[in-house]
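Coordinates in review
Take a look at the letters that make up each chain.
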Amino acid sequence: MKLSIVFLLCCSYVTTSVAASVRGNDAEGRVLKKGSKKASKKGQSKKEFKKSASVAKKSKKGGDMTPGFVFSTRKPPAGVNICANKGDPRFENINCFADDGVDVAEGVGGQAGVNVTKGYNGNLNADHEPIKVPYYTKGLCPVNVHWHLGTEHYSLGQFDETGTGPTPVEHRRRLAGKARKGYQCKLFDEDESMYTTPYDWKYCVGMEIGQTYEVHWPHSALGDCGTPNQYQTPFYDGVLCLPDRMVGDLQDNVGVQSQVYTIVNDEDYYYPDMFKGMTVDGNMGQDIAMFTGSTTGTSRNNTICSAYSPITWQVDRVCHKISASSFDKMCADMLSQRDDMSDDLYAHGSRELVDDKIAHNNHANRN
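Calculation criteria
- Residues numbered from 1 in each chain as written.
- Predicted model: local features only at pLDDT ≥ 70, side-chain atom pairs only at ≥ 80, totals over all residues.
- Heavy atoms only, no water.
- Core = buried A, V, L, I, M, F, W, Y, C linked by side-chain atoms within 4.5 Å.
- Buried < 20%, exposed > 50% of the residue type's maximum accessible area, 1.4 Å probe, protein only.
- Helix = DSSP H or I, 4+ residues; strand = E, 2+ residues; numbered from the N terminus.
- Contact = heavy atoms within 4.5 Å.
- pLDDT = per-residue confidence, 0-100.
- Phe/Tyr/Trp six-rings, centres within 6.5 Å; stacked < 30°, edge-to-face > 60°.

1. Re the nonpolar core
Counting 35 residues, the largest nonpolar core has Trp-147, Trp-201, Ile-263 and Phe-327 as the members making the most contacts within it. Of all the secondary structure elements, the ones that give two or more residues to this core are strand S5 (146-149), strand S9 (212-220), strand S10 (254-264), strand S11 (288-293) and helix H6 (324-335). For this core, the element with the most residues is H6, which contributes seven residues. Contacts of Trp-201, omitting those with residues within four sequence positions, involve Met-207, Ile-209, Ile-263, Ala-324, Phe-327 and Asp-328. By size, the runner-up hydrophobic cluster in this structure holds 28 residues, among which are Cys-141, Leu-222, Val-239 and Cys-305.

What follows is the structure, given as structure tokens:
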């Protein structure tokens, strides 16, 4: 059971393919490099050149829009993707509660996303512990990155029911056919231009300045780490690529990093390596809730549970600002992989907050 349950990690996926606008190529990828040489001749720093190169233009809705930067999306040689279809078949969802509607059904493991406020613990007994150190120290590597509109987890005072954004999350979800409401950060300020100036997205799809997104990086000790096949969509192909490598229990081999952001149009918040995992810098990636849970996504709720449990979760409790260009760079990196990751270039829906009765009681802290 522990080997077969690893087929799927972190969330149920929307299967509708999204045709991403891939405008970067090798020639375009040299634009900024060429521009940097010009900048040095004029006595400008690279940062000054990038700012001067991103002069505002008019958006379709009127008002100024910041042009997006061009990043390379050139792929490695085609090769053989040894991880393709390794995640099938998938387990069906299961009922969370017994027929009486009170007792947790037999075989149901702890679920996610849950309350990660410091001091919280679920009510479901866990006879195991999550991974409490950085995943790389245990031989796990990231095998995918994707994100959710609003948050699936709840952190009191950071991303909770009092959070705000440029448009209500539930309104955007209804427009996208996803009715479940997540949570938002409390950083948005309509009077500050970084939260309202549109950005010309080139690689990510359907994103919004000032909005809250929860990013997930599934990790696995069974991934084809360090090769062109490391990153996969759907992510469970990467999670179960090399099942013979499994040693110990499921939660020791599979984990997810989670970090929550409000997107801003401000290059002072640019980080170039979002693709590789949670950002650890200053207060980013420091206040971490660690526990075991399940896969997430909109096909699960507090009636229908995920059968994929337990897996380790490490969730940053704090909401952070991140530049739109950081996200767009991540999407360009996704388009640069051997496997086709275009189905993860947009925000997925969020599962409703998990009931205390089906949340594990093994929460730990790292800060």
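2. Digging into the confidence of the model for the protein chain
Here the protein chain averages 85 in pLDDT, and 79% of its residues register 70 or above. Note on residues 1-56: pLDDT is under 50 here. Beyond four places in sequence and across chains, it has 124 contacts.

3. Some details on the packing of aromatic side chains
Here a ring pair, both rings aromatic, is described through the centre-centre distance and the interplanar angle of the planes. In the structure shown here, the tally under the stated rule is 10 aromatic pairs. Both rings, one in Tyr-154 and one in Tyr-183, keep their centres 5.1 Å apart while their planes meet at 80°; by these two values the pair is edge-to-face. Here Tyr-154, found in the loop between S5 and strand S6 (159-160), pairs with Tyr-183, found in the loop between helix H3 (169-175) and strand S7 (184-185); they are 29 residues apart in sequence, far enough to count as distant. There is no split in this pair, since Tyr-154 and Tyr-183 are both buried. Where Phe-235 meets Tyr-236, the ring centres are 5.5 Å apart and the plane angle is 75°; that geometry is what we call edge-to-face. No difference in accessibility class separates Phe-235 from Tyr-236, as the two residues are buried. Following the ring pairs from residue to residue traces out a cluster consisting of Trp-147, Tyr-213, Tyr-261 and Phe-327.

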